[in-house]
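Report on the structure
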Amino acid sequence: MEDNIIRQIIIISGIVVYLMGEVDGDTAILQLVGILGLAVLATAEELIIIYIGVEIVSLSFYVLAGRERKGMKGTEAGIKYFILGALSSGIMLMGVTIVYAQTGTTDLELVGTVSRILIIIGMLFKVGAAPFHM
């Protein structure tokens, strides 16, 4: 059932990217990889799979942020986004590690308060929400 939903999401996303018009091939592929990461994230039931989905989305967005070749702003944005993403990944992994140390599993139902806070802080860093934005 979940595989069918993921296939439908990817097909519909491909159609939307195609209908957007003048998008070059690299950008379309990066957008589709980001959408694939979101599909993985939506169907995840384990913390490790959630982390992998978030990183797939983040890596494609890092490249999209740094694609501006005409000036230094694109490169600077990509590097800053990558560094902030590495920090938030570390915080998220610390929360996942605490869950695994306490419970012996990475199941979402067994997430404790401290690790839940660290995982949420890591996610807020990833999306750049206030007060975690730069």
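Residues numbered from 1 in each chain as written. Predicted model: local features only at pLDDT ≥ 70, side-chain atom pairs only at ≥ 80, totals over all residues. Heavy atoms only, no water.

So, the pattern of salt bridges
Two side chains carrying opposite charge are able to pair once their charged atoms lie near each other. Rules: Salt bridges are defined by distance alone: a side-chain nitrogen of Lys or Arg within 4 Å of a carboxyl oxygen of Asp or Glu. Secondary structure is summarised from DSSP: a helix means a run of H or I of at least four residues, a strand means a run of E of at least two, and numbering begins at the N terminus for each.
Inspection of every chain in the model, using the stated rule, returns one salt bridge. The residue K80 makes a salt bridge to E76 at a minimum N-O spacing of 2.8 Å. Placement of both K80 and E76 in helix α4 (residues 72–103) is noted, with a separation of four residues, approximately one turn of the helix.

Structural notes on the side chain of E55
Selection criterion: Accessible area is worked out with a 1.4 Å probe on protein chains only. A residue is then buried under 20% of its type maximum, exposed over 50%, and partly exposed in between. Any two residues whose heavy atoms approach within 4.5 Å at even a single point are treated as in contact.
Locating E55 in the fold gives a position in helix α3 (residues 47–65). Exposure remark for E55: the relative accessible area of 15% places this residue in the buried category. Those residues in contact with E55 that lie beyond four places of it in its chain are S89 and K126.

Description of the nonpolar core
Where we set the bar: Buried Ala, Val, Leu, Ile, Met, Phe, Trp, Tyr and Cys residues form a nonpolar core when they are joined through side-chain atoms within 4.5 Å.
A44, L47, I50, Y51, V54, M92, V96, V99, V111 and I119 form the largest nonpolar core, which has ten residues in total. At the level of secondary structure, the elements contributing two or more residues to this core comprise α3 and α4. Ranked by residues supplied to this core, first place goes to α3 with four residues. When residues no more than four places from it in sequence are discounted, the contact partners of I50 are L41, A44 and L108.

Looking at the packing of α3 against helix α5 (residues 113–127)
Quick note on the threshold: Geometry is summarised by axes, namely lines fitted to C-alpha atoms with helices restricted to the contacting stretch, and by angles between N-to-C directions that run from 0 to 180 degrees. Relative orientations are named as follows: roughly parallel for angles under 35 degrees, roughly antiparallel for angles over 145 degrees, roughly perpendicular for angles from 65 to 115 degrees, and oblique for any other angle. Crossings are sorted by hand: turned counterclockwise from the far helix by less than a right angle, the near helix makes the crossing left-handed, and turned clockwise it makes it right-handed. Gly is placed with the polar residues, together with every amino acid not listed as nonpolar (Ala, Val, Leu, Ile, Met, Phe, Trp, Tyr, Cys and Pro) or charged (Asp, Glu, Lys and Arg).
Across the interface, α3 lies against α5 with an axial gap of 12 Å and an inter-helix angle of 15 degrees. Viewed along their axes, α3 and α5 adopt a mutual orientation that is roughly parallel. Judged by the twist between their axes, the crossing of α3 over α5 is left-handed. Between α3, through L47, V54, E55, S58 and Y62, and α5, the contact on the second element is made entirely by I119, M123 and K126. In terms of residue class, the contact of α3 with α5 is made up of five nonpolar, one polar and two charged.

Some details on the packing of helix α2 (residues 25–42) against α3
Relative orientation of the contacting elements α2 and α3 amounts to 160 degrees, with a least axis distance of 8 Å. Regarding the angle of α2 to α3, the classification is roughly antiparallel. Considering how the two elements wind past one another, α2 and α3 form a crossing that is left-handed. Residues T27, L30, Q31, V33, G34, G37, L38, V40 and L41 of α2 touch α3, and the partners they reach there are I49, I50, G53, V54, I56, V57, S60, V63 and L64. Here the residues of the contact of α2 with α3 are counted per class, giving twelve nonpolar, six polar and no charged.

Side note on the packing of aromatic side chains
What counts here: Stacked, edge-to-face and tilted are the three classes for Phe, Tyr and Trp ring pairs, Trp counted by its six-membered ring, which pair at centre distances within 6.5 Å; planes under 30 degrees apart are stacked, over 60 edge-to-face, the rest tilted.
Evaluation of the coordinates by the stated rule reveals two aromatic pairs. For the pair Y62 and Y81, a centre-to-centre distance of 4.8 Å together with 90 degrees between the ring planes defines the contact as edge-to-face. With Y62 in helix α3 and Y81 in helix α4, the pair connects residues that are 19 residues apart, well separated along the chain. With a centroid separation of 5.5 Å and an interplanar angle of 85 degrees, the aromatic rings of Y62 and F82 are classed as edge-to-face. Within this pair, whereas Y62 is found in helix α3, its partner F82 is found in helix α4, the two being separated by 20 residues in sequence. For Y62, a relative accessible area of 9% gives the class buried. Residue F82 is classed as partly exposed on the basis of its relative accessible area of 48%. The rings of Y62, Y81 and F82 are connected pair by pair, giving a single aromatic cluster.

As far as function goes, none of this settles anything; it's purely spatial.
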